[in-house]
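So the chains spell out like this:
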Amino acid sequence: PEDEKLPLDWAGLDRQPFQKMLVVRCLRPDRMNSALTSFIRNTLPDGDSYIECDSTLNSLEILDSCLADSTPKTPIYFILSPGANVVADLDKKAAENGLHKGVSYHNVSMGQGQDVVAMSCLETAHRNGHW
């Protein structure tokens, strides 16, 4: 449904892909993965390279690639699908880089009430150069 033309007055959203994606989010949240993939593929320059870039890599190789692309001024945020769990891989990479969980590396799973914890960790990491 996310690729279909919208009816009547909604048809104008076909020229505004981000707003159309928001409508899909409201009407069919179960189709957001496909809608977001389509949005990236069709909207971003060379969007296919973002969609297909990791198809042959395992999770540790993808994480290595992300770490190589990041800088202290370029944070990494993980937006995971239900059932995905990269915490063990991230813990392994942190240990390989001499970081210790809860000391120089912070991991916060966002959920209800975790915003205060996350902000505190971000502030600490910012001040002390942590992950």
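Here the structure is shown first, and the text comes after it.
What counts as what
Residues numbered from 1 in each chain as written. Predicted model: local features only at pLDDT ≥ 70, side-chain atom pairs only at ≥ 80, totals over all residues. Heavy atoms only, no water. Helix = DSSP H or I, 4+ residues; strand = E, 2+ residues; numbered from the N terminus. Buried < 20%, exposed > 50% of the residue type's maximum accessible area, 1.4 Å probe, protein only. Axes fitted to C-alpha atoms, helices over the stretch in contact; angles between N-to-C directions. Parallel < 35°, antiparallel > 145°, perpendicular 65-115°, else oblique. Contact = heavy atoms within 4.5 Å. Nonpolar A, V, L, I, M, F, W, Y, C, P; charged D, E, K, R; others polar. Patch = residues over 30% accessible without salt bridge, like charges linked within 9 Å, V, L, I, M, F, W, Y side chains within 5 Å. Areas by Shrake-Rupley, 256 points an atom, 1.4 Å probe, with all protein chains shown as cover. Salt bridge = Lys/Arg side-chain N within 4 Å of Asp/Glu carboxyl O.

Engineer: Report on the environment of Met 119, specifying residues and quantitative values.
Structural biologist: Tracing the chain through its elements places Met 119 in helix α6 (residues 114–128). With relative accessibility at 56%, the residue Met 119 sits in the exposed group. Here the alpha-carbon distance between Met 119 and Lys 73, two residues 46 residues apart in the chain, equals 17 Å.

Engineer: A description of the packing of helix α1 (residues 17–27) against helix α2 (residues 32–43) should follow, citing residues and the corresponding values.
Structural biologist: Where α1 contacts α2, the two axes come as close as 10 Å, and the packing angle between them is 175 degrees. In terms of orientation, α1 and α2 fall into the roughly antiparallel class. When α1 is examined against α2, the residues Pro 17, Phe 18, Met 21, Val 24 and Arg 25 are found in contact with a partner set consisting of Met 32, Ala 35, Leu 36, Phe 39 and Thr 43. In the contact of α1 with α2, the residues fall into eight nonpolar, one polar and one charged.

Engineer: Quick rundown of a nonpolar patch on the surface? Include the residues and the values.
Structural biologist: Nonpolar side chains collect at one region of the surface, where Ile 76, Phe 78 and Leu 80 lie side by side and expose about 230 Å² of accessible area between them. Here Ile 76 is to be found in the loop between α4 (59–69) and α5 (87–96). We classify Ile 76 as partly exposed; its relative accessible area is 31%.

Engineer: Got a sec to walk through the pattern of salt bridges? Specific residues and values, please.
Structural biologist: Applying the stated criterion across every chain, the model contains seven salt bridges. A salt bridge links Arg 28 to Asp 30; its shortest N-O distance comes to 2.8 Å. Given the relative accessible area of 36%, Arg 28 is considered partly exposed. We classify Asp 30 as exposed; its relative accessible area is 52%. Here Arg 127 makes a salt bridge to Glu 123, at a shortest N to O gap of 3.3 Å. Highlighted residues: Arg 127 and Glu 123, both in helix α6, separated by four residues, approximately one helical turn. One salt-bridge network, in which partners are shared between bridges, spans Asp 64, Lys 93 and Glu 96.

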